Amino acid sequence: SAVISQKPSRDICQRGTSLTIQCQVDSQVTMMFWYRQQPGQSLTLIATANQGSEATYESGFVIDKFPISRPNLTFSTLTVSNMSPEDSSIYLCSVERGYGYTFGSGTRLTVV
Amino acid sequence: AQTVTQSQPEMSVQEAETVTLSCTYDTSESDYYLFWYKQPPSRQMILVIRQEAYKQQNATENRFSVNFQKAAKSFSLKISDSQLGDAAMYFCAYRSAGGATNKLIFGTGTLLAVQP
C-alpha cells in the first residue's frame, strides 16, 4: 500500500490566520482526498484533488475557505483559511491504492 | 445519495471474547465496495477488511470477518478472540464501484473498549 507523509502533525493557530497542510505520497496517484474529522466525529470529505484540474468540493465546503493545490501526482496541500475555533479538527489526506485506501497520520489543528 | 449508518456509538467486550459491530447502508447501486477501518488513539486510519458487493462469500482476515447481507444492506464486523490492541474507533465505509470519483463515505463510528 502507499505511504503518505503528512505535515504538520499538529498545530495551534490564532483565529484569522491560515494553515497549510502537506501530503506527500511515495508513488504517483490520480486522486487525493482531503477529510475533516471534528472532535469525536466521523470523517467528512472536504474535496477530491486531481492533478492538473481544479479540486472537486463537497457540499458545505468552498474553495475560498479550503484552497487545495495539486502540483504533481505525488503531492497536495490543503489550506485552512481565516481560521475560527470551529475549524479545530483533525485533517487527513488519503489515496486509494490497491486493496483499499491509505491515510496520512493526520493534522490536529487547534484554533485559539 | 449513499449513506452509512452505525447504530452502536460504543461497545465493550472482554478480552478473548467475540464482538460484532453493526453497519447498514443505503444505496441504489448494485456494484460497490464496503470497508471497515480502525482508528486507534494514535488517529492513524487502518484498513481492517474489505468486501466487494459482487462476491457472495464473506471476507475474512484472521480474527476479523464480516457478515455481508446485500439484500438487507447490512455489513457487520465480527472480531473473534478480542485483544487489548483491538480497542479503537471502528468506521464502516462505502465506495461506489463506478462513477467519476471513488470517494469513501463513512459511518459515524463505533468506539470499542476491550476489558482485560
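Residues numbered from 1 in each chain as written. Chains lettered and ligands numbered in written order. Predicted model: local features only at pLDDT ≥ 70, side-chain atom pairs only at ≥ 80, totals over all residues. Heavy atoms only, no water.

Brief notes about the overall build of chain B
- Counting secondary structure elements, chain B contains zero helices and twelve strands.
- Secondary structure elements of chain B occur, N-terminal to C-terminal, as β-β-β-β-β-β-β-β-β-β-β-β.
- Since a compact globule built from 116 residues should have a radius of gyration of about 13 Å, the 14 Å found for chain B is in line with a globular shape.
- Along the first, second and third principal axes, the C-alpha set of chain B runs to 45 × 30 × 20 Å.
- Split into buried and exposed, the 116 residues of chain B put 48% on the buried side.
- Within chain B, contacts between residues at least 6 apart in sequence are counted, and of these 55% link residues at least 24 apart.
- Charged side chains of chain B number 10 positive and 10 negative; the gap between the two group centres comes to 7 Å. (Helix = DSSP H or I, 4+ residues; strand = E, 2+ residues; numbered from the N terminus. Rg over C-alpha atoms; globule rule 2.2 N^0.38 Å. Buried < 20%, exposed > 50% of the residue type's maximum accessible area, 1.4 Å probe, protein only. Contact = heavy atoms within 4.5 Å. Lys, Arg positive; Asp, Glu negative; His and termini not counted. Charge placed at Lys NZ, Arg CZ, Asp CG, Glu CD.)

So, the overall build of chain A
- The number of helices and strands found in chain A is zero helices and eleven strands.
- When the helices and strands of chain A are listed from N to C terminus, the series reads β-β-β-β-β-β-β-β-β-β-β.
- What you see for chain A is a C-alpha radius of gyration of 13 Å, in line with the 13 Å of a compact globule of 112 residues.
- Its C-alpha atoms put chain A at 40 × 25 × 20 Å along the principal axes.

Considerations on the pairing of strand β3 (residues 19–25) of chain A
Residues and elements named next belong to chain A.
- Only one face of β3 is buried: it carries L19, I21, C23 and V25, and the other face, with T20, Q22 and Q24, is open.
- As paired elements, strand β1 (residues 4–7) and β3 share four bridges and run antiparallel to each other. Each bridged residue has a counterpart across the sheet, and for K7 the counterpart in β3 is Q22.
- Sheet topology places β3 next to strand β8 (residues 75–80); six bridges connect them, and they run antiparallel. Bridging across to β8, Q22 finds its partner in T77. (Pairing = 2+ DSSP bridges.)

Regarding the interface of chain A and chain B
- At the junction of the two partners, chain A supplies 25 residues and chain B supplies 20 residues.
- Of the roughly 1900 Å² buried where chain A meets chain B, counting both sides, 47% is carbon and sulfur surface.
- The three residues of chain A that bury the most area against chain B are Y99, Y101 and F103 of chain A, which together make up 35% of that side's buried surface.
- On the surface where chain A and chain B come into contact, there are two salt bridges.
- The closest approach of N and O atoms between R95 of chain B and E96 of chain A, which form a salt bridge, is 2.8 Å.
- Put simply, chain A and chain B have 13 residue pairs in polar contact (both at pLDDT 80 or more) between them.
- When residues of the side of chain A that touches chain B are traced back to their parent elements, those giving at least two are β4 (31–37), β5 (43–50), β9 (89–97), β10 (100–103) and β11 (107–111) of chain A. (Buried area = accessible area lost by both parts, 1.4 Å probe. Salt bridge = Lys/Arg side-chain N within 4 Å of Asp/Glu carboxyl O. Polar contact = N/O pair within 3.5 Å; in protein donor to acceptor, adjacent residues only side chain to side chain.)

Considering the state of the cysteines
- Scanning the entire structure with this criterion turns up two disulfides over all chains.
- Between the sulfur atoms of C23 of chain A and its disulfide mate C93 of chain A the distance is 1.8 Å. When the S-S torsion is -90°, as for the bridge of C23 of chain A with C93 of chain A, the disulfide is left-handed. Remark: C93 of chain A occurs in strand β9 and C23 of chain A occurs in strand β3; sequence separation between them is 70 residues. An identical accessibility class is assigned to C23 of chain A and C93 of chain A; each is buried.
- Two residues share a disulfide in this structure: C23 of chain B and C92 of chain B, whose sulfurs sit 2.0 Å from each other. Between C23 of chain B and C92 of chain B, the S-S torsion sits near -70°, and that sign places the bridge as left-handed. In this pair, C23 of chain B sits in the loop between β3 (19–21) and β4 (24–26) while C92 of chain B sits in strand β10 (residues 88–96), placing the two residues 69 residues apart along the sequence. Neither residue differs from the other here; C23 of chain B and C92 of chain B are each classed as buried.
- Free cysteine: C13 of chain A, not disulfide-bonded; nearest cysteine sulfur from C23 of chain A at 16 Å. (Disulfide = S-S within 2.5 Å.)

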